[in-house]
Amino acid sequence: MTDKTAEQAAAKAEAKPLPRVSPATDILEREDGFHVYMDIPGVRREDLKIEINDSELLVTGRALQGAADKETFLEVQFGPGEYVRAVSISDLVDRERIKASLKDGVLVIHLPRLEKATPRRIPVQSL
């Protein structure tokens, strides 16, 4: 899609609300933490937002691709739209080390586990 076509699609998207879609999502638990995979075709990195609020991870993104001038969609399954998905987060997740990457329309979020607290001896002082 050219920059001009992207700008035209964005202008059309601003004119009317985009349909909201919950993206297909896989969540895997592994030894190093949790891995979230979301299909968000057509969403650019700059149109993606990931936020953490309390025990919820909220992912929103906008796909603005659309038909070019003199083109008409015959069938649309992932055209212009807004992706919205909330995922509950365990207390076991280290919120400071969460990482996300986007490649080929798939968002990958790694939610690492908190480091296990190691037992330690507390010295007792005499007063």
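The following paragraphs examine the structure supplied in this document. (Residues numbered from 1 in each chain as written. Predicted model: local features only at pLDDT ≥ 70, side-chain atom pairs only at ≥ 80, totals over all residues. Heavy atoms only, no water.)

All right, on to the overall build of the protein then. Of the regular secondary structure elements, the protein holds one helix and eight strands. Going from the N terminus to the C terminus, the protein shows its helices and strands as α-β-β-β-β-β-β-β-β. Relative to its 127 residues, the protein shows a buried fraction of 25%. Partitioning the contacts of the protein with sequence separation of at least 6, the portion at a separation of at least 24 is 55%. By element, 51% of the accessible surface of the protein is carried by carbon and sulfur atoms, the whole surface being about 9,700 Å². (Helix = DSSP H or I, 4+ residues; strand = E, 2+ residues; numbered from the N terminus. Buried < 20%, exposed > 50% of the residue type's maximum accessible area, 1.4 Å probe, protein only. Contact = heavy atoms within 4.5 Å. Areas by Shrake-Rupley, 256 points an atom, 1.4 Å probe, with all protein chains shown as cover.)

Right, let's talk about the pairing of strand 3 (residues 33-39) for a bit. The element strand 3 is largely enclosed, with a buried count of five among its seven residues. Sheet analysis places strand 2 (residues 25-30) next to strand 3, joined by six bridges and oriented antiparallel. The partner of L28 across the bridge, within strand 3, is H35. The loop that links strand 2 with its antiparallel partner strand 3 comprises two residues. Relative to strand 8 (residues 106-112), strand 3 runs antiparallel, the two being bridged by seven bridges. From the neighbouring strand, V36 faces strand 8, where its bridge partner is I109. (Pairing = 2+ DSSP bridges.)

What follows concerns the environment of L64. Relative to the elements of secondary structure, L64 occurs in the loop between strand 5 (56-63) and strand 6 (81-88). Overall, the relative accessible area of 17% leaves L64 in the buried class. Remark: the alpha-carbon pair of L64 and G79, spanning 15 residues in sequence, is separated by 7.3 Å.

So, about the pattern of salt bridges. Across all of its chains, the model carries six salt bridges by this definition. Notably, a salt bridge pairs R113 with E29, separated by 2.5 Å at the nearest N-O pair. Placement of the pair is R113 in the segment after strand 8 and E29 in strand 2, with a sequence separation of 84 residues. Given the relative accessible area of 22%, R113 is considered partly exposed. (Salt bridge = Lys/Arg side-chain N within 4 Å of Asp/Glu carboxyl O.)

Turning our attention to the sheet that holds strand 6. Strand order in the open sheet formed by four strands is 1-6-5-4, with mixed pairing between adjacent strands. Two strands bound the open sheet, and with one partner strand each, they are strand 1 (20-21) and strand 4 (43-53).

Here four strands make up an open sheet; going across it, the order is 2-3-8-7 and the pairing antiparallel. Among the strands making up the open sheet, the edge pair consists of strand 2 and strand 7 (99-103). Averaged over all pairs of adjacent strands, the angle between strand axes in this sheet comes to 15°, irrespective of strand direction. (Axes fitted to C-alpha atoms, helices over the stretch in contact; angles between N-to-C directions.)

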